[in-house]
Amino acid sequence: MLTDDPPLPDTRLLRLLDLLYDTRSVTRAAERLGLSQPTVSIWLGQLRQQYGDPLFVRTPGGMAPTPRADAMIGPVREALDAMRRLGRAGTDFDPATSTRHFRICMTDASHITLLPPWLAHVRALAPSVSLSAARIDASTADALASGEADLAVGLVPWLEAGFYQQALYPQDWVCLVNGRHPRLGDTLDLAAYEAEAHVGIAAGTGAPLLADALQTQAVQRRVLLELPGFLGLGAILSTTDLVATLPRQIGETLARTSGLRVLDCPVAIEGFTVKQHWHARYHHDAGNRWLRGVCAALFLRPQANPP
């Protein structure tokens, strides 16, 4: 630490010098600062003592700056502008003009259910903002903490200390079948569930809930096809008699786009709540707040939030 550096100037005194230079009046400068005239006179005395110069002298036309004040006013105003910019840094985000890139961690089911309306909304409000989707995995917490990712949306129960979360909507489980399935009608009982062939989906953070339910209830499921994710599932079900067990939102979305039928699942599977998560470091970041607001506006269902 350098001990011979001159002390940093007091911002209040710099503001006073700027106003005196502008108004040429102690009275008007006091009014602009919202202070009494004696207080401003005391501050002016401190300025004069600090810089060893009168800085302003009384004349018939008002308080005229000395050559020292003339030399100081440029750097003073630059310093004040820099401090104002510093005070505004990170507090403003204008979606209409921003070119910011946001990275959202989500499952591949969310690529189908959440990402299309989210992207359309962002493009309408923020045409130069771009998005990328990343996987939810063991590195998600570190990515959110470092700023590499902005949000994680889904079931991410291992995000605890240091993270905020907002519940969006609840998920239960359904079965999805061909709209013209040769044996299944509008209902599906446990016997038929065990008799039919199934598609197994390995992806999704809720997959362990399904596996636990099948094991706990000793349900026998004959998996004819195993998929790593939901890509192609709609086309497969629409051309076969297979059954898929999956969360309701992705099930209903695929049913609409592929002409499939949604049936109540005869297996009692623990539901879960889809949430958006962000790190405490970025809780007050204006861009992150905007992105969270868009997510909530699109996907928040009030009944998902506890009182």
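If you're wondering where the values come from, they're calculated on a predicted model, not measured in any experiment.

Across a regular strand the side chains alternate sides, sitting on one face of the sheet and then on the other. Burial along strand E5 (residues 151–154) is two-sided: Leu151 and Val153 and Ala152 and Gly154, pointing in opposite directions, are all buried. Here 2 bridges tie strand E3 (residues 101–105) to E5, and the two strands are oriented parallel to one another. The partner of isoleucine 104 across the bridge, within E5, is leucine 151. Alignment of E5 against strand E12 (residues 272–279), held across 3 bridges, turns out to be antiparallel.

This part covers the packing of aromatic side chains. Under the counting rule described, the total for this entry stands at 6 aromatic pairs. Pairing tryptophan 118 with phenylalanine 299 gives two aromatic rings, centres 5.8 Å apart and planes at 70 degrees, and the pair type is edge-to-face. One end of the pair, tryptophan 118, is in helix H6 (residues 115–125); the other, phenylalanine 299, is in helix H12 (residues 286–299), with 181 residues separating them in the sequence. This pair shows no difference in class: tryptophan 118 is buried, exactly as phenylalanine 299 is. One aromatic cluster is present, formed by Phe93, Phe102 and Trp290 through successive ring pairs. It is arginine 24 that lies over the ring of tyrosine 21; its NZ or CZ is 4.8 Å from the centre. The positively charged end of arginine 292 is found above the aromatic ring belonging to tryptophan 278, 4.3 Å away from the centroid.

Taken together, 5 strands build an open sheet; the order of strands is E9-E8-E10-E7-E11 and the sheet is mixed. Here the strands that pair on one side only, and so sit at the sheet edges, are strand E9 (222–227) and strand E11 (260–264). Along the sheet, successive strands turn relative to each other by an average axial angle of 35 degrees, direction set aside. Of the pairings in the sheet, the one linking strand E8 (residues 197–201) to E9 comprises 5 bridges and is parallel in character. Note that in E9 the partner of alanine 197 across the bridge is arginine 222.

Cut-offs applied
Residues numbered from 1 in each chain as written. Predicted model: local features only at pLDDT ≥ 70, side-chain atom pairs only at ≥ 80, totals over all residues. Heavy atoms only, no water. Buried < 20%, exposed > 50% of the residue type's maximum accessible area, 1.4 Å probe, protein only. Helix = DSSP H or I, 4+ residues; strand = E, 2+ residues; numbered from the N terminus. Pairing = 2+ DSSP bridges. Phe/Tyr/Trp six-rings, centres within 6.5 Å; stacked < 30°, edge-to-face > 60°. Lys NZ or Arg CZ within 6 Å of the ring centre and 35° of its normal. Axes fitted to C-alpha atoms, helices over the stretch in contact; angles between N-to-C directions.

As far as function goes, none of this settles anything; it's purely spatial.
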